[in-house]
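One-letter residues, chain by chain:
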Amino acid sequence: MLEVILLKWSIIFLLYLGANVVQVTGMINIIPNIGTLRNSSFAIFVLLPLFLFSIKKGIKQRRQDLISIIILLSICIYNTCTDRDANWGATITSLFMPFMYSFILFGKYAANEKKRQMVAGILIIYFLSNCSLALIERILGFHLFEYSDSMKLGASFRSFAFGGHPLANAVVISTIMNFLWITEISPIKKIQYSVLCFMALFCFNTRFAIVVTLFRSAFFFCVFILHLMRERGISFRIKQHVMSICFIMGIVFCFLISYTSFGGRLMNIGLYDDDSAGARLQVLLVFDKYAYSDFIWGMTLDETTELMHSSGIYGVINENPWLIFLFRFGLIFTIIMVTVFFLYFKQIIKGISFYEKSIIVLPMLFIISSFNSIGVDSVALSVWVLCCYAFLPIRNTK
């Protein structure tokens, strides 16, 4: 019973206690300041004892998870001992926690339908509440959980909801939506969830997430309409109503992005239209003076500072998580870490179709690659693991 309570609250803390919520509620003052780990401390402090309790029972089923954790831990210890930047807070949140959740859920609770329904319920409630809060904030023009980083997000209003930074919110709700598309719920519900997700993404004003979600949803929508038109058991009148609704929704959508502020940054598609887009390209200037061979084993903190000064990018935020890993861990360790996650992804989604794999993996990879995400402090991979457990068939997650 205690283990179930710990698991439940760990997931709730992970989802709802974003950087803005922790700061505004004052909870940030009662937890240790361990870099970026501070934002997810409540989740990790609840998850850690549960993970330790589960090691003995789950080691046979989830040996791969434990090996992955040991490999990541060894790389971070090496970086720390050689005066390189391990950034323990970000690494624990972004990379360690997904394997900890996987070890617990796919080990002890792998075939437990009640636990799967519990996790699915928490994820769906979070999806609905976070999207709804984003809409309310955008309509009313204020943030329920304002925090000090607000001034860094540009002049246009962007909702914060529970996740803090708009991009952090976007990657999580998009990930959940990807899984909802391949679950066995009614097509009408899928469309309703998709519309809500779209509106929330516009409130977060995250261009890349909107574009990726738009292409994915357009594909699904076309497939649904074609299937509906070919269905003989549905009357012609109902088909007419559906097509009329789709036409009206299309007009409303075009109007919103073209003539209201909901289109926001999406309509500014130039490469250097704002600081964040420029920063994504400016950081590549480092390769004008340095070759890839200079990053084989990563750099010490002093070497990284010197690199940024000499390349003229000091003070520029690195928005590319893969470059963050390259600078922090070096090419060799980055390849090892990517291989670890590739083998894990391959194992955990085996048995489902290539089409379903593409839906739940590719959009997430595109979105997390569009900003620093897992390079700093992101719960995206943990949410992805939770979705795999909650929404994929049991036979495919063993």
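Remember, it's a predicted structure, so these values are computed and weren't measured experimentally.

Looking only at helices and strands, one finds 15 helices and zero strands in the chain. Long-range contacts, defined here as pairs at least 24 residues apart, represent 75% of the contacts in the chain between residues at least 6 apart. Split by element, the accessible area of the chain, about 19000 Å² in all, is 69% carbon and sulfur.

A few words now on the confidence of the model for the chain. When pLDDT drops low, the exact placement of atoms in the prediction is not to be read closely. Scored by pLDDT, the chain comes out at a mean of 77, with 69% of its residues at no less than 70. Confidence drops under pLDDT 50 across residues 269-274; counting only partners more than four residues distant or on other chains, this segment forms nine contacts.

At a minimum axis separation of 13 Å, helix 5 (residues 88-105) and helix 13 (residues 321-348) run at an interaxial angle of 20°. Comparing their axes, helix 13 and helix 5 come out roughly parallel. Here the hand of the crossing between helix 5 and helix 13 comes out left-handed. From helix 5, T91, L95, F99 and S102 reach across to helix 13, where they touch F325, R328, F329, M337, V340, F341, Y344 and I348. Broken down by class, the residue content of the contact of helix 5 with helix 13 amounts to nine nonpolar, two polar and one charged.

An α-helical segment advances 3.6 residues per turn. Residues three or four places apart therefore align on the same side. For helix 13, with 28 residues, the first-to-last C-alpha span of 23 Å runs short of the 40 Å given by 1.5 Å per residue. At F329, helix 13 shows its maximal kink, close to 115°.

This part takes up the environment of I44. Looking at the element boundaries, I44 is found in helix 3 (residues 41-58). On the basis of relative accessibility, which here comes to 6%, the residue I44 falls in the buried class. Put simply, I44 and I92 are 48 residues apart on the chain and 8.4 Å apart in space, counted from C-alpha to C-alpha.

This part is about the packing of aromatic side chains. Tallied over the entire structure, the rule returns 16 aromatic pairs. Aromatic side chains F99 and F341 sit 4.9 Å apart centroid to centroid with 40° between the ring planes, which places their arrangement in the tilted category. Taken together, the positions of F99 in helix 5 and F341 in helix 13 put the pair 242 residues apart, joining distant regions of the chain. Using a relative accessible area of 13% as the deciding quantity, one classes F341 as buried. Considering the side-chain rings of F145 and F162, the 6.0 Å spacing of their centres and the 40° angle between planes classify their relative orientation as tilted. Pair noted here: F145 is in the loop between helix 6 (113-140) and helix 7 (166-182) and F162 is in the loop between helix 6 and helix 7, with a separation of 17 residues, a long-range link. Each member of the pair, F145 as well as F162, is classed as buried. Within the aromatic cluster, the residues linked to one another by ring pairs are F99, F179, F341, Y344, F345, W384 and F391.

Non-glycine residue A161 carries a positive phi angle of around 50°. Turning to its location among the elements, A161 is positioned in the loop between helix 6 and helix 7. The buried category is assigned to A161, whose relative accessible area is 0%.

Summed over the entire model, instances satisfying the criterion amount to one salt bridge. Among the ionic pairs, R116 bridges to E113, the shortest N-O distance being 3.0 Å. In this pair, R116 and E113 both sit in helix 6, three residues apart, roughly one turn of the helix.

Judged by nonpolar contacts, the single largest core of 98 residues is most densely connected at Y101, L123, F127, I176, I349, I360 and W384. In this structure W384 touches T175, F179, Y344, F345, I348, I349, I360, V361 and M364, once residues within four positions along its chain are discounted. F295, M299, L326 and F327 belong to the second-largest nonpolar core, a separate cluster that totals six residues.

Definitions and cut-offs
Residues numbered from 1 in each chain as written. Predicted model: local features only at pLDDT ≥ 70, side-chain atom pairs only at ≥ 80, totals over all residues. Heavy atoms only, no water. Helix = DSSP H or I, 4+ residues; strand = E, 2+ residues; numbered from the N terminus. Contact = heavy atoms within 4.5 Å. Areas by Shrake-Rupley, 256 points an atom, 1.4 Å probe, with all protein chains shown as cover. pLDDT = per-residue confidence, 0-100. Axes fitted to C-alpha atoms, helices over the stretch in contact; angles between N-to-C directions. Parallel < 35°, antiparallel > 145°, perpendicular 65-115°, else oblique. Left-handed = near helix turned anticlockwise from the far one by under 90°. Nonpolar A, V, L, I, M, F, W, Y, C, P; charged D, E, K, R; others polar. Expected span 1.5 Å × (residues − 1). Bend = angle between axes of the 7 residues up to and from the residue. Buried < 20%, exposed > 50% of the residue type's maximum accessible area, 1.4 Å probe, protein only. Phe/Tyr/Trp six-rings, centres within 6.5 Å; stacked < 30°, edge-to-face > 60°. Salt bridge = Lys/Arg side-chain N within 4 Å of Asp/Glu carboxyl O. Core = buried A, V, L, I, M, F, W, Y, C linked by side-chain atoms within 4.5 Å.

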